[in-house]
Amino acid sequence: MTDLALEPASRGAPQTSSRGAISIRNVVKTYGSGASQVTAVDDCSFEVAAGEICMVVGPSGCGKTSLLNAIAGFHDITSGEILIDGETICGPDRPMAAPGPDRVVVFQNGALFPWKTNLENVAFGPTMQGTMTEAAAKARARSLLAEVGLDDVAERFPGEISSGMRRRVEIARAVINEPRVLLLDEPYRALDALTKQVMHEALLELYYRNKVTIFFITHDLEEAVFLGHKLVISTARPCRPKTIIEVDIPHPRDRSVITSPRFRELMEAAHEAVRQEAVAAFQAGDKEG
Amino acid sequence: MTEIDAKALGADGAVRTASAFPPTPTTVARRPFRASPKLPLSLVGFAAFLLAWHLAVEVWRLPRFAKLPGLVEVFVEWTSTDPMYGVSLFTAEYYQHILVSLKRIVAAFSAATLLGVPLGLLLGWSQRFREYVFPVFETLRPVPILAWVPISIILFSGAETSVVFLTFIAAFFVTTLNTMTGVQSIDPSVVRAARCLGASPRQIFRHIVAPGALPHIFTGLQVSMGVSWFSLVAAEMVSGEFGLGYLINTAYAKIQYPTIAIGMITLGAVGYASSALVRLVGARLMAWRLREIGVGR
Amino acid sequence: MAAGPTGVAVARSPYALRRAVVALAACAVLWQLGARLDDWTGVGAPGVGALPSPVEVAMAAGRVVVEPGYWISSALSFVRVMGGFLIALAAAVPLGLLFATNRTFRAIAFPVFEVIRPIPPLAWVPAAIIFWPTQEAAITFITFLGAFFTITINVLSGALSIDPRFVEAARSLGASRMTVFRRIVLPATAPSIVVASSIAIGLSWEVVVAAEIISGSSAMGSNSGGLGHFIWASYLGGSYDDIIVGMISIGIAGYLCSAAVRKAGALLTPWINAR
Ligand SMILES: Nc1ncnc2c1ncn2[C@@H]1O[C@H](COP(=O)(O)OP(=O)(O)O)[C@@H](O)[C@H]1O
Ligand SMILES: [Mg+2]
């Protein structure tokens with residue numbers, strides 16, 4: 001994979017990429033049956049443009065992960081259709097998408113392989129798929145780790161490094177596959193505010209270099225407004241877009257945008273949209289999924 | 001360091017849930033031995049124990065204790081070049097008993113491992129297979145090992161095979177169950193991650209399931225080793241010619257009481273050593289676990 | 001639901017019950033066929049060919065369960081199991097907690113404990129028979145030993161894994177040592193005690209059956225009664241169907257005991273499954 005660092009001027013809009021547009025059309029996901037039936041996602045439709053950072057925001061337990069898992073192919077959908085670049089990955093004929101390296105997930109609680117070194121973790125995808133020799137994959141993994149400033153822990157095991165570092169390794173492990181879509185499920189939830197800040201900047205850095213669509217679940221509004229081109233704010237369970245907020249702050253962004261009045265305004269708007277749903281979810285007493 | 005060490009390798013849950021047997025030396029055990037400043041205190045403990053044994057049996061000759069073999073008596077017999085009852089550190093017979101028991105353990109333990117680990121992996125891996133096979137497994141498991149004695153004598157004419165068979169089934173159940181638990185304990189996200197990184201089922205089995213289950217497999221093997229000795233001794237006492245269980249049994253019958261103690265001590269030592277060996281191999285294969293907690297570097 | 005460890009694999013599929021029934025029925029049929037093969041064809045099946053068939057076992061069970069001797073044996077074994085187990089529980093829980101809370105005591109006594117522990121319980125049989133005045137006491141003692149080490153170790157490791165922050169928090173709120181022990185250490189160790197007990201009672205059955213068979217089959221001791229002896233006597237008497245009835249009985253009894261302990265444990269530690 002060649003470095004795709006774009007000219008600074010062209011970084012503003014969603015990156016011009018023909019890969020990774022997601023169409024979610026009338027998706028329904030229910031668990032169980034009869035009295036214990038739970039509808040996690042209900043008649044959910046929205047579009048994510050190729051190369052866009054789409055932030056999905058909603059209260060805990062509303063069904064965000066269920067939607068992401070459907071895109072990743074970890075479980076089926078009850079009805080509706082999901083397309084990537086116009087191609088149906090799951091729909092009425094095939095309720096469950098096949099998981100694959102074009103849609104790589106970064107998990108809520110982290111899912112590095114503890115028994116493989118960080119380097120082996122990052123090289124895992126291409127090695128398993130056979131798209132690179134093991135040596136080539138490792139070389140590529142090493143340069144990716146260097147890019148995120150982790151070359152000196154390449155030979156360590158994930159258990160030996162900090163959780164912030166682990167998150168970066170995990171994202172590198174995803175990016176090495178040149179996925180069309182990166183699916184991030186609250187990846188920074190367990191990190192402290194300072195580490196989060198560093199992670200956000202590093203993620204944007206990676207994003208500017210590698211064209212990829214990012215589907216990012218969070219319930220941290222500041223994170224959402226800082227990173228996203230677009231916020232999809234979901235209703236309390238079942239998940240369905242309630243409001244879509246376009247974030248018109250140009251990319252590339254850095255910390256300075258946080259103090260801008262526009263940032264404040266957008267935060268306020270997002271807050272307004274989320275508050276009711278959070279109260280609804282709280283009253284429903286959902287546990288976080 | 002020892003604090004964390006014990007937690008990470010010992011309190012796995014597997015030991016506790018999977019078997020009805022005491023895991024012979026777990027890691028909790030090593031703590032006092034490792035902490036060198038406490039060594040003198042442990043010496044106090046050993047001294048008090050040995051002194052109590054000596055005083056109760058040989059000096060004060062307390063009622064009931066007087067009949068037991070005494071410390072000095074046992075020590076003298078054990079280290080004698082010409083033991084009164086024929087078994088000491090300097091007799092070939094002593095080593096023959098140890099060797100026979102060891103051979104049986106090796107045969108039963110290896111067979112149990114070679115069959116139990118693959119079966120456990122399969123049970124954990126395939127839900128369909130588990131739902132067919134596991135009920136049969138669970139139906140047989142509550143039957144105590146020694147209750148199999150008559151059946152195994154009937155099935156395998158000859159004491160030797162039936163002793164090894166009894167030892168085998170005990171170890172087999174433990175190993176299989178712990179391996180299965182090991183597979184089930186793997187974080188589902190890790191398997192999902194491998195799937196979306198493009199690993200085939202075969203690759204997932206080799207790169208995720210097998211190494212992921214390894215910690216439980218090795219706790220299982222340690223328990224299995226303890227269980228093997230438990231069953232072996234019992235089986236040797238019922239039927240068997242030679243072996244440490246047999247030695248203890250006949251020593252009782254021939255009223256050679258010091259030999260009973262020699263047999264018991266030897267069993268403790270050999271049992272401990274074999275579990276330690278399993279633990280050592282496990283630690284070698286799981287360098288990542290040691291380094292995670294900062295002792296491997 | 002997909003096969004393989006995809007996160008849902010631990011759950012049961014809707015077919016679980018049907019598959020269990022099919023598998024167990026298949027085993028019974030194979031056993032029946034294997035056991036009767038030589039009657040029908042003159043060629044014996046290997047292994048099961050030497051065993052009585054399930055039908056014979058069922059008929060033997062029908063005959064045996066109405067004999068008072070069978071119930072006396074069961075009661076004898078049960079009393080031995082409970083005796084050894086309860087004494088072990090009473091001794092091991094305090095000892096495990098003492099090991100956990102008193103460092104000096106642990107440093108002195110734990111190594112001795114650890115040196116004795118690897119000796120298999122049944123290796124104690126001759127020494128126990130020499131020492132105890134009655135065979136009954138000796139069997140109870142060996143049963144006790146089997147359960148004792150397991151419970152102690154589990155209680156110790158359970159107590160050691162208590163998050164020290166709990167203790168610190170309680171101390172900083174002004175709790176005395178005794179209160180910390182009663183309100184923090186004891187409840188936090190309760191789950192380990194429950195787990196250890198359900199293991200230990202299974203182990204007690206192992207030991208009791210072994211001791212009963214050993215006392216009946218060797219120079220040591222004499223006819224001890226109990227289900228272990230029932231099996232051994234059936235073997236000596238050549239009634240192989242009764243052996244299997246005995247095995248099944250012990251299996252059921254052991255299973256019920258473990259289930260009862262787990263049930264009692266769940267009632268005592270209601271917070272465990274509330275997560
Ligand atoms: N495998 C499952 N079986 C049954 N219910 C589930 C399952 N996974 C999630 N749920 C339920 O679906 C709802 C949405 O869960 P999830 O998608 O994880 O929410 P979020 O990621 O927004 O917190 C929750 O109420 C959760 O309890
Ligand atoms: Mg979620």
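Because the structure is predicted, anything quoted here is derived from the model rather than measured.

Some words on the overall build of chain A
Here comes step 1: For chain A, the count of helices and strands is 7 helices and 10 strands.
Here comes step 2: At 19 Å, chain A has a C-alpha radius of gyration in line with the 19 Å of a compact globule built from 289 residues.
Here comes step 3: Principal-axis analysis of the C-alpha atoms gives chain A an extent of 50 × 45 × 35 Å.
Here comes step 4: Within chain A, the fraction of its 289 residues that count as buried is 54%.
Here comes step 5: Expressed as a percentage of contacts within chain A between residues at least 6 apart in sequence, the contacts between residues at least 24 apart total 71%.
Here comes step 6: When the accessible surface of chain A is totalled, it reaches about 11,600 Å², and 52% of it is carbon and sulfur.

A look at the domain arrangement of chain A
Residue and element names in this part refer to chain A.
Here comes step 1: Split by domain assignment, chain A resolves into domain 1 (19–31 + 38–83 + 180–185 + 196–288) and domain 2 (103–178).
Here comes step 2: Between domain 1 and domain 2, the residue contacts involve 19 residues of the former and 17 residues of the latter.
Here comes step 3: Interface area lost by domain 1 to domain 2 is led by Asp185, Met199 and Leu206, which between them contribute 33%.
Here comes step 4: Summed over the shared surface of domain 1 and domain 2, the result is 1 salt bridge.
Here comes step 5: Among the salt bridges present, the one from arginine 209 reaches glutamate 147, with a minimum N-O distance of 3.9 Å.
Here comes step 6: Counting across the interface, domain 1 meets domain 2 through 7 residue pairs in polar contact (both at pLDDT 80 or more).
Here comes step 7: Its residues assigned to classes, the side of domain 1 that touches domain 2 shows 12 nonpolar, 3 polar and 4 charged.

Here we look at the state of the cysteines
Here comes step 1: Evaluation of the coordinates by the stated rule reveals 0 disulfides over all chains.
Here comes step 2: Looking at the unpaired cysteine 196 of chain B, the closest cysteine sulfur is the one in cysteine 90 of chain A, lying at 15 Å.

Some words on the UniProt feature "transmembrane region" (unreviewed entry) in chain B
Here comes step 1: Those residues carrying the UniProt feature "transmembrane region" (unreviewed entry) are residues 39–57, 105–125, 145–174, 227–248 and 260–281 of chain B in this numbering.
Here comes step 2: Between the C-alpha atoms that bound residues 260–281 of chain B there is a distance of 32 Å. The span itself is 100% helix and 0% strand.

Concerning the site of ligand 1
Residues and elements named next belong to chain A.
Here comes step 1: The full set close to ligand 1 counts 11 residues, and Gly61, Lys64, Thr65, Ser66 and Arg237 are the nearest of them.
Here comes step 2: Cysteine 62 has a polar backbone atom sitting 3.2 Å from an oxygen atom of ligand 1.
Here comes step 3: Serine 66 has a polar side-chain atom sitting 2.6 Å from an oxygen atom of ligand 1.
Here comes step 4: When isolated, ligand 1 has an accessible area of 560 Å², and the protein chains bury 71% of it.
Here comes step 5: Tallied by class, the residues present in the shell around ligand 1 amount to 3 nonpolar, 6 polar and 2 charged.

Looking at the pairing of strand E1 (residues 22–31) of chain A
Two faces make up the sheet, and in a regular strand the side chains alternate between them.
Residue and element names in this part refer to chain A.
Here comes step 1: Within E1, 7 of the 10 residues are buried, which leaves it mostly tucked inside the rest of the structure.
Here comes step 2: As judged from the 7 bridges shared by E1 and strand E2 (residues 38–48), these two strands associate in the antiparallel manner. Within E2, the residue paired with isoleucine 24 across the bridge is phenylalanine 46.
Here comes step 3: Between E1 and E2, which pair antiparallel and follow one another directly, the connecting turn spans 6 residues, one of which, glycine 32, has a positive phi of 65°.
Here comes step 4: Two elements, E1 and strand E4 (residues 79–84), share 5 bridges in a ladder whose sense is antiparallel. Looking at the pairing, serine 23 lines up with leucine 83 of E4.

Let's talk about the UniProt feature "domain: ABC transmembrane type-1" (unreviewed entry) in chain B
Here comes step 1: Mapped onto the present numbering, the UniProt feature "domain: ABC transmembrane type-1" (unreviewed entry) falls on residues 98–278 of chain B.
Here comes step 2: Helix and strand shares over residues 98–278 of chain B are 85% and 0% respectively, and the end C-alpha atoms of the span are 19 Å apart.

Some words on the UniProt feature "domain: ABC transporter" (unreviewed entry) in chain A
Here comes step 1: UniProt annotation of "domain: ABC transporter" (unreviewed entry) refers to residues 22–261 of chain A when read in the numbering used here.
Here comes step 2: A helix fraction of 30% and a strand fraction of 26% characterise residues 22–261 of chain A, whose end C-alpha atoms lie 31 Å from each other.

Overview of a nonpolar patch on the surface
Residue and element names in this part refer to chain C.
Here comes step 1: Where nonpolar side chains cluster on the molecular surface, the patch consists of Val29, Leu30, Leu33 and Trp40 and spans about 430 Å² of accessible area.
Here comes step 2: For valine 29, the position within the fold is in helix H1 (residues 16–41).
Here comes step 3: Looking at valine 29, the relative accessible area reads 48%, which means it is partly exposed.

Things to note about the nonpolar core
Here comes step 1: Residues Phe46, Phe215 and Leu231 of chain A, Ile208 of chain B together with Leu122 of chain C are the most contacted members of the largest nonpolar core, which totals 242 residues.
Here comes step 2: Broken down by element, the residue count for this core peaks at 19 residues, all from helix H11 (residues 201–238) of chain B.
Here comes step 3: Sequence-distant contacts of leucine 122 of chain C, defined by excluding residues within four places in its chain, comprise Phe230, Val233, Ala234 and Met237 of chain B together with Ile142, Val207, Ala210, Ala211 and Ile214 of chain C.

So, the side chain of histidine 229 of chain A
Residues and elements named next belong to chain A.
Here comes step 1: Within the secondary structure, histidine 229 is located in the loop between helix H6 (221–227) and strand E9 (230–234).
Here comes step 2: When its relative accessible area of 6% is taken as the criterion, histidine 229 is described as buried.
Here comes step 3: Here isoleucine 53 takes part through its backbone nitrogen, which lies 2.8 Å from a polar atom of the side chain of histidine 229.

Concerning the sheet that holds E1 of chain A
All names here are of chain A.
Here comes step 1: The antiparallel open sheet is built from 4 strands, whose spatial order is E2-E1-E4-E5. On the outer flanks of this sheet lie E2 and strand E5 (87–90), each paired with one strand and no other. Each strand axis lies, on average, 30° off the axis of its neighbour in the sheet, ignoring direction.
Here comes step 2: Relative to the sheet, helix H1 (residues 64–72) contacts E1, E2, E4 and E5, its axis offset from that of E1 by approximately 115°.

Some words on the packing of helix H7 (residues 127–140) of chain B against H1 of chain C
Here comes step 1: Between H7 of chain B and H1 of chain C, whose axes approach to 8 Å, the crossing angle comes to 55°. In terms of their interaxial angle, H7 of chain B and H1 of chain C are classed as oblique. In terms of crossing hand, the pair formed by H7 of chain B and H1 of chain C is right-handed. Mapping the contact onto sequence places Arg128, Glu131, Tyr132, Pro135, Val136 and Thr139 of chain B in H7 of chain B and Ala16, Arg19, Ala20, Val22, Ala23, Leu24 and Cys27 of chain C in H1 of chain C.
Here comes step 2: A class-by-class count of the residues in the contact of H7 of chain B with H1 of chain C yields 9 nonpolar, 1 polar and 3 charged.

Quick look at the interface of chain C and chain B
Here comes step 1: Taken residue by residue, the interface counts 84 residues in chain C and 73 residues in chain B.
Here comes step 2: Counting the surface lost from both chain C and chain B, the interface buries some 6,800 Å², and carbon and sulfur atoms represent 75% of this.
Here comes step 3: On the surface where chain C and chain B come into contact, there are 1 salt bridge.
Here comes step 4: Taken together, chain C and chain B are joined by 4 residue pairs in polar contact (both at pLDDT 80 or more).
Here comes step 5: Those elements that provide at least two residues to the side of chain C that touches chain B are H1, helix H4 (103–116), helix H5 (125–131), helix H6 (135–160), helix H8 (177–217), helix H9 (226–236) and helix H10 (240–268) of chain C.

Side note on helix H2 (residues 54–64) of chain C
Residue and element names in this part refer to chain C.
Here comes step 1: Along H2, the residues that are buried comprise Pro54, Val57, Ala60 and Val64. Around the axis of H2, the buried residues are gathered within 115° of arc, so they sit on the same side.
Here comes step 2: Structurally, H2 contributes buried residues whose contacts are with H1, helix H3 (68–101), H9 and H10.

As for unusual backbone geometry
Residues and elements named next belong to chain A.
Here comes step 1: The omega angle of the peptide bond from histidine 251 to proline 252 is -5°, so this bond is cis rather than trans.
Here comes step 2: Among the secondary structure elements, proline 252 is positioned in the loop between strand E10 (241–246) and helix H7 (261–284).
Here comes step 3: Of note, aspartate 85 is a non-glycine position whose phi angle comes to about 50°, a positive value.
Here comes step 4: A residue is classified by how much of its surface remains accessible, and aspartate 85, at 29% relative accessible area, is partly exposed.
Here comes step 5: The backbone phi angle of glutamate 178 is positive, close to 45°, even though this residue is not glycine.
Here comes step 6: Looking at the element boundaries, glutamate 178 is found in the loop between helix H4 (163–175) and strand E7 (181–185).

Details of the pattern of salt bridges
Residues and elements named next belong to chain A.
Here comes step 1: According to the stated counting rule, one finds 26 salt bridges over all chains in the structure shown.
Here comes step 2: Across the pair aspartate 85 and arginine 180 runs a salt bridge whose closest N-O atoms are separated by 3.0 Å. Within this pair, whereas aspartate 85 is found in the loop between E4 and E5, its partner arginine 180 is found in the loop between H4 and E7, the two being separated by 95 residues in sequence.
Here comes step 3: Residue classification places arginine 180 among the buried residues on the basis of a relative accessible area of 16%.

Reading guide: rules and limits
Residues numbered from 1 in each chain as written. Chains lettered and ligands numbered in written order. Predicted model: local features only at pLDDT ≥ 70, side-chain atom pairs only at ≥ 80, totals over all residues. Heavy atoms only, no water. Helix = DSSP H or I, 4+ residues; strand = E, 2+ residues; numbered from the N terminus. Rg over C-alpha atoms; globule rule 2.2 N^0.38 Å. Buried < 20%, exposed > 50% of the residue type's maximum accessible area, 1.4 Å probe, protein only. Contact = heavy atoms within 4.5 Å. Areas by Shrake-Rupley, 256 points an atom, 1.4 Å probe, with all protein chains shown as cover. Domains from an automatic or database assignment. Buried area = accessible area lost by both parts, 1.4 Å probe. Salt bridge = Lys/Arg side-chain N within 4 Å of Asp/Glu carboxyl O. Polar contact = N/O pair within 3.5 Å; in protein donor to acceptor, adjacent residues only side chain to side chain. Nonpolar A, V, L, I, M, F, W, Y, C, P; charged D, E, K, R; others polar. Disulfide = S-S within 2.5 Å. UniProt positions renumbered as here; feature names shortened; annotations may be inferred. Near = heavy atom within 4 Å. Pairing = 2+ DSSP bridges. Patch = residues over 30% accessible without salt bridge, like charges linked within 9 Å, V, L, I, M, F, W, Y side chains within 5 Å. Core = buried A, V, L, I, M, F, W, Y, C linked by side-chain atoms within 4.5 Å. Axes fitted to C-alpha atoms, helices over the stretch in contact; angles between N-to-C directions. Parallel < 35°, antiparallel > 145°, perpendicular 65-115°, else oblique. Left-handed = near helix turned anticlockwise from the far one by under 90°. Arc of directions from axis to C-beta.

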